[in-house]
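# Examining the three-dimensional arrangement
These are the residues of each chain, in order.
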Amino acid sequence: MRSYYIAGNWKMHKTTGEAVALAQALVTELASCKERVMIAPPFTALAAVAEVVKGTNLRLGAQNMGSELQGAHTGEVSALMLRDLGVSAVILGHSERRHSYHEDDALINRKVLLALEQGLEPILCVGETLEEREAGSLESVVGTQVREGLKNVSAAQLPAITIAYEPVWAIGTGKTATPLDADAVHAYIRVVLESLYGAEAARSMCIQYGGSVKPDNVAELMAQPNIDGALVGGAALKVESFGPIANFRA
Ligand code: 13P
């Protein structure tokens, strides 16, 4: 049976108490979920949510991490600290980090390499803006983000990585790429991966789609041959919406 990876990016939402309540509700709701499920609360709630998900089928993720292991980096959170809390995955290169905080491909690549070295599983986010899509540069933008994000990642390390295709214009806007459009970009990402790592590695790569994924569009998106999961923002904030998304095959 095909396996899917459904991840919830809570972004800058939820106090610790709210995060614990949501995590507890999800543990119950998703106890028999068939998919691989990850939730990424804000840093401040990670320790408390770690206690809630310990021993369950929910994995704990972080939304970002510093590009250095430790040292004089005011305000940063290191891979060591995340591992210490029981975090197993980390979202890197989210478009909000790229656009609002000016993270470039070189910085994101440093984080990807460090996460792998420290035993964290990166979700590398890529995606074009509306202007880039309309200018016909979708493939060059996404191709560059994939190539540069994976620079110096070995073939042996690749299975620990997930790629999330999140068209910037579809994030938080209610606009979803049509399943066919999204699938075409996922297929293109596999072409790029094949040129770097060969056909088998490209075929096996887990590629999530993100951007206004909701209970009523998830099944159609997941039915596409190249879409292997979802990275969910707004709809990840409530058990009433994230539950049915993760349980879309139930
Ligand atoms: P929305 O699901 O709110 O569009 O957010 C997608 C996203 O950015 C997940 O990382």
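Summary of the structure given here. Please read all numbers here as calculations on a predicted model, not as lab measurements.

### Topic: helix 8 (residues 179–197)
- Its 19 residues place the ends of helix 8 26 Å apart at the C-alpha level, agreeing with the 27 Å of an ideal helix rising 1.5 Å per residue.
- When helix 8 is considered as a whole, its buried residues turn out to be Pro 179, Ala 182, Asp 183, Val 185, His 186, Tyr 188, Ile 189, Arg 190, Val 192, Leu 193 and Tyr 197.
- Backbone geometry just downstream of helix 8 places Gly 198 in the positive-phi region, at approximately 95 degrees.

### Details of the site of the ligand
- For the ligand, the set of nearby residues contains 13 residues, the closest of which are Lys 11, His 94, Gly 172, Ser 212 and Gly 234.
- Contact distances for the ligand include 2.8 Å between an oxygen atom and a side-chain N or O atom of Lys 11.
- Between the ligand and Gly 234, the relevant distance is 2.8 Å, taken from an oxygen atom to a main-chain nitrogen or oxygen of the residue.
- Coverage of the ligand by the protein chains reaches 96% of its 300 Å² of free accessible surface.

### Things to note about the pairing of strand 3 (residues 58–62)
- Within strand 3, four of the five residues are buried, leaving the element largely enclosed by the surrounding structure.
- Alignment of strand 2 (residues 36–40) against strand 3, held across three bridges, turns out to be parallel. Within strand 3, the position partnered with Val 37 by the bridge is Leu 58.
- Crossover connection from strand 2 via helix 2 (residues 46–53) to parallel strand 3: handedness right-handed.
- Looking at chain direction, strand 3 and strand 4 (residues 89–92) are connected through two bridges and run parallel. Residue Gly 61 lies in a different strand from strand 4, and its bridge partner there is Ala 89.

### Considerations on the packing of aromatic side chains
- Counted according to the given criterion, the structure contains two aromatic pairs.
- For the pair Tyr 4 and Phe 248, a centre-to-centre distance of 5.1 Å together with 90 degrees between the ring planes defines the contact as edge-to-face. Separated by 244 residues along the polypeptide, Tyr 4 in the segment before strand 1 (5–9) and Phe 248 in the segment after helix 11 (239–246) bring together distant segments of the chain. Each of the two residues, Tyr 4 as well as Phe 248, counts as buried.
- The positively charged end of Arg 36 is found above the aromatic ring belonging to Tyr 5, 3.9 Å away from the centroid.
- Against the face of Tyr 101 rests Arg 97, its NZ or CZ located 4.3 Å from the ring centre.

### Things to note about the pattern of salt bridges
- Tallying each qualifying case throughout the model produces 13 salt bridges.
- A salt bridge links Glu 121 to Arg 59; its shortest N-O distance comes to 2.5 Å. Taken as a pair, Glu 121 in strand 5 (residues 121–126) and Arg 59 in strand 3 lie far apart in primary sequence, 62 residues in all.
- Residue Asp 228 pairs with Arg 190 through a salt bridge whose shortest N-O separation is 2.8 Å. Of the two residues, Asp 228 sits in the loop between helix 10 (218–222) and strand 8 (229–232) while Arg 190 sits in helix 8, which places them 38 residues apart along the sequence. Each member of the pair, Asp 228 as well as Arg 190, is classed as buried.

### Concerning the environment of Asn 247
- Mapping Asn 247 onto the fold places it in the segment after helix 11.
- Residue Asn 247 is classed as buried on the basis of its relative accessible area of 19%.
- For Asn 247, the contacting residues outside a window of four places in its chain are Glu 29, Leu 30 and Cys 33.

### Observations concerning unusual backbone geometry
- Despite not being glycine, His 102 shows a phi value in the positive range, around 55 degrees.
- Look at His 102 and you get exposed, because its relative accessible area is 66%.
- Positive phi values are uncommon outside glycine, yet Ser 212 reaches one of about 55 degrees.
- Under the relative-accessibility criterion, Ser 212 is labelled buried at 8%.

Cut-offs and rules
Residues numbered from 1 in each chain as written. Predicted model: local features only at pLDDT ≥ 70, side-chain atom pairs only at ≥ 80, totals over all residues. Heavy atoms only, no water. Helix = DSSP H or I, 4+ residues; strand = E, 2+ residues; numbered from the N terminus. Expected span 1.5 Å × (residues − 1). Buried < 20%, exposed > 50% of the residue type's maximum accessible area, 1.4 Å probe, protein only. Near = heavy atom within 4 Å. Polar contact = N/O pair within 3.5 Å; in protein donor to acceptor, adjacent residues only side chain to side chain. Areas by Shrake-Rupley, 256 points an atom, 1.4 Å probe, with all protein chains shown as cover. Pairing = 2+ DSSP bridges. Right-handed = clockwise from strand over helix to strand, strands pointing away. Phe/Tyr/Trp six-rings, centres within 6.5 Å; stacked < 30°, edge-to-face > 60°. Lys NZ or Arg CZ within 6 Å of the ring centre and 35° of its normal. Salt bridge = Lys/Arg side-chain N within 4 Å of Asp/Glu carboxyl O. Contact = heavy atoms within 4.5 Å.

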